[in-house]
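# A closer look at the structure
Chain by chain, the residues:
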Amino acid sequence: MKITFLGNGDSLGTPRVYCDCDVCKEARTTGLNVRLRPSIWLESEGEEPLLVDCGPDWRTQMEKLGVRSVRHGLLTHAHFDHIGGLVEWADGCRWREETADLRAPSEVLAEVVQRFPWLESRFRMIAVDGGWSYGGWSVQPWKVNHGKNGFAYAYRFQRQDGSGRAWAYCPDSFDLSEAEKAPLRGLELLVLGTSFYEEPYPRETRSLYDVREGLKLAEEVGAEQAIFTHLSHDIDLRKDYGLPAGIRFAREGLIVEL
Ligand SMILES: [Zn+2]
Ligand SMILES: [Zn+2]
């Protein structure tokens with residue numbers, strides 16, 4: 001499977017419109033820290049590509065990818081930074097006289113339809129509460145704590161070749177319980193959302209892990225590799241954070257093959 005990072009930013013992206021911090025300034029000039037909203041593009045043999053989350057930067061992301069038609073999507077939860085591009089995608093389907101398959105657990109699809117009822121005319125809404133198969137991988141959603149923001153889902157992709165090898169996409173989570181951590185154990189790759197390096201705000205106001213906590217979690221669950229995404233303007237890629245071997249920050253356009 002080939003994973004392409006289309007966006008590695010948090011809900012506001014970097015630069016943040018209201019902000020003149022050093023990282024946002026750098027993002028506006030040389031641009032190392034430019035971050036679009038979080039989304040990945042999956043390609044696996046014998047399957048059409050799969051878009052995971054469709055935030056408000058979807059249009060820009062598809063232009064950069066050079067893709068005119070998207071037929072398969074998967075959502076982690078119904079927050080704006082993960083679904084804000086659905087309306088444009090649906091409009092694109094209308095102009096091309098196409099429909100697309102949109103997968104998510106049923107409660108996420110229900111929220112999407114409640115907010116944008118007309119999307120049902122362009123998307124086949126397919127509930128995947130029990131998981132499904134994609135290109136030789138079984139895909140299993142599980143519900144994760146998203147702190148003050150409620151809940152999200154994460155996905156574990158496990159090879160169907162009997163090796164048990166797996167990776168997971170968990171962009172929006174915080175303070176996971178032992179049961180919520182279980183699907184993260186023994187991964188060859190953990191993709192985890194970490195907004196800040198060390199988030200200074202009270203725990204009850206937080207919704208994502210920070211980098212220091214993410215490092216601990218990756219070690220605890222024994223991930224061979226980890227990629228941190230959903231990064232805010234707190235992370236400055238000009239700095240060396242001394243991340244341990246096998247752990248890195250996502251960048252737009254980063255490709256990982258498993
Ligand atoms: Zn998010
Ligand atoms: Zn800033």
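What this report covers is the structure whose coordinates are included nearby. Here the structure is a predicted model, which means the values were calculated and not measured. (Residues numbered from 1 in each chain as written. Chains lettered and ligands numbered in written order. Predicted model: local features only at pLDDT ≥ 70, side-chain atom pairs only at ≥ 80, totals over all residues. Heavy atoms only, no water.)

Scanning the chain for helices and strands turns up seven helices and 14 strands. Here the C-alpha radius of gyration of the chain, 17 Å, is about what a compact globule of 258 residues would show, namely 18 Å. If one aligns the C-alpha atoms of the chain with their principal axes, the spans along those axes are about 50 × 45 × 35 Å. Looking at the chain residue by residue over its 258 residues, the buried ones come to 54%. Counting contacts in the chain only where the partners sit at least 6 residues apart, residues at least 24 apart contribute 62% of the total. Accessible area of the chain: about 11300 Å², with a carbon and sulfur share of 48%. Here the chain contributes 31 positively and 40 negatively charged side chains, and the mean placements of these two sets differ by 2 Å. (Helix = DSSP H or I, 4+ residues; strand = E, 2+ residues; numbered from the N terminus. Rg over C-alpha atoms; globule rule 2.2 N^0.38 Å. Buried < 20%, exposed > 50% of the residue type's maximum accessible area, 1.4 Å probe, protein only. Contact = heavy atoms within 4.5 Å. Areas by Shrake-Rupley, 256 points an atom, 1.4 Å probe, with all protein chains shown as cover. Lys, Arg positive; Asp, Glu negative; His and termini not counted. Charge placed at Lys NZ, Arg CZ, Asp CG, Glu CD.)

The next thing to look at is the nonpolar core. In terms of nonpolar packing, the biggest core is built from 49 residues, with Leu42, Leu86, Trp89 and Trp167 touching the most fellow members. Looking at this core, the element that brings in the most residues is helix α4 (residues 86–96), giving four residues. Beyond its immediate sequence surroundings of up to four residues, Trp167 is in contact with Met1, Ile3, Ile40, Leu42, Trp137, Tyr155, Arg156, Phe157, Leu187, Leu189, Val191 and Leu258. In this structure, Leu184, Leu217, Leu231 and Tyr241 belong to the second largest nonpolar core, which totals 27 residues. (Core = buried A, V, L, I, M, F, W, Y, C linked by side-chain atoms within 4.5 Å.)

All right, on to helix α5 (residues 106–115) then. For α5, the set of buried residues is Val108, Leu109, Val112 and Val113. Down the axis of α5, the sector holding all buried residues measures 130°, keeping them to one side. Buried residues along α5 sit in contact with α3 (80–83), α4, β5 (100–104), β6 (123–127) and β9 (151–159). (Arc of directions from axis to C-beta.)

Turning our attention to the coordination of the zinc ion (ligand 1). A four-donor tetrahedral metal ideally has 109.5 degree angles, and a six-donor octahedral metal ideally has angles of 90 or 180 degrees. Protein coordination at the zinc ion (ligand 1) comes from Asp81 (OD), His82 (NE2), Asp172 (OD) and His230 (NE2), with a distance range of 2.1 to 2.2 Å. Every donor counted, the four donor atoms about the zinc ion (ligand 1) form angles of 86 to 167° at the centre, which fits irregular coordination. On the basis of relative accessibility, which here comes to 0%, the residue His82 falls in the buried class. Looking at His230, the relative accessible area reads 3%, which means it is buried. (Donors = N, O, S within 2.8 Å, 3.2 Å for Na, K, Ca; no water. Tetrahedral: all angles 85-135°; square planar, octahedral: opposite > 155°, others 65-115°.)

Turning next to the coordination of the zinc ion (ligand 2). Looking at the zinc ion (ligand 2), the protein donor atoms are Cys19 (SG), Cys21 (SG), Cys24 (SG) and His233 (ND1), and they sit 2.1 to 2.3 Å from it. Between the four donor atoms coordinating the zinc ion (ligand 2), the angles at the centre fall across 104 to 116°, so the site counts as tetrahedral. Since its relative accessible area comes to 24%, Cys21 is described here as partly exposed.

Let us look at the pattern of salt bridges. On inspection of all chains with the given rule, the structure shows 25 salt bridges. Put simply, Asp91 and Arg94 hold a salt bridge, and the shortest N to O gap is 3.4 Å. With Asp91 and Arg94 both in helix α4, this residue pair falls three residues apart, about one helical turn. A relative accessible area of 38% places Asp91 in the partly exposed class. Judged by its relative accessible area of 43%, Arg94 is partly exposed. Three or more residues are tied together by salt bridges with common partners; here these are Asp175, Glu199, Arg203, Arg206, Asp210 and Glu213. (Salt bridge = Lys/Arg side-chain N within 4 Å of Asp/Glu carboxyl O.)

Under the counting rule described, the total for this entry stands at nine aromatic pairs. A ring pair is formed by Phe151 and Tyr153, whose centres lie 6.0 Å apart and whose planes are at 90°; its orientation type is edge-to-face. Measuring from centroid to centroid gives 4.5 Å for Phe157 and Trp167, while their planes differ by 5°, and the two rings are stacked. Of this pair, Phe157 sits in strand β9 while Trp167 sits in strand β10 (residues 166–170), and the two are 10 residues apart along the sequence. Chaining the aromatic ring pairs together yields one cluster made of Tyr197, Phe228, Tyr241 and Phe249. (Phe/Tyr/Trp six-rings, centres within 6.5 Å; stacked < 30°, edge-to-face > 60°.)

Here the focus is the pairing of β10. The element β10 is extensively covered by neighbouring structure, given that five of its five residues are classed as buried. The alternating pattern of β10 places Ala166, Ala168 and Cys170 on one face and Trp167 and Tyr169 on the opposite face, and all of these are buried. Bridge count between β9 and β10: four bridges; the pairing is antiparallel. Within β10, the residue paired with Phe157 across the bridge is Trp167. The turn joining β9 and β10, which pair antiparallel and follow one another in sequence, is formed by six residues; a positive phi near 90° is taken by Gly162. Relative to strand β11 (residues 189–193), β10 is paired through four bridges, and the arrangement is parallel. Residue pairing for β11: Ala168 is matched across the bridge by Leu190. (Pairing = 2+ DSSP bridges.)

Keep in mind that these numbers describe shape and distance, not what the molecule does.
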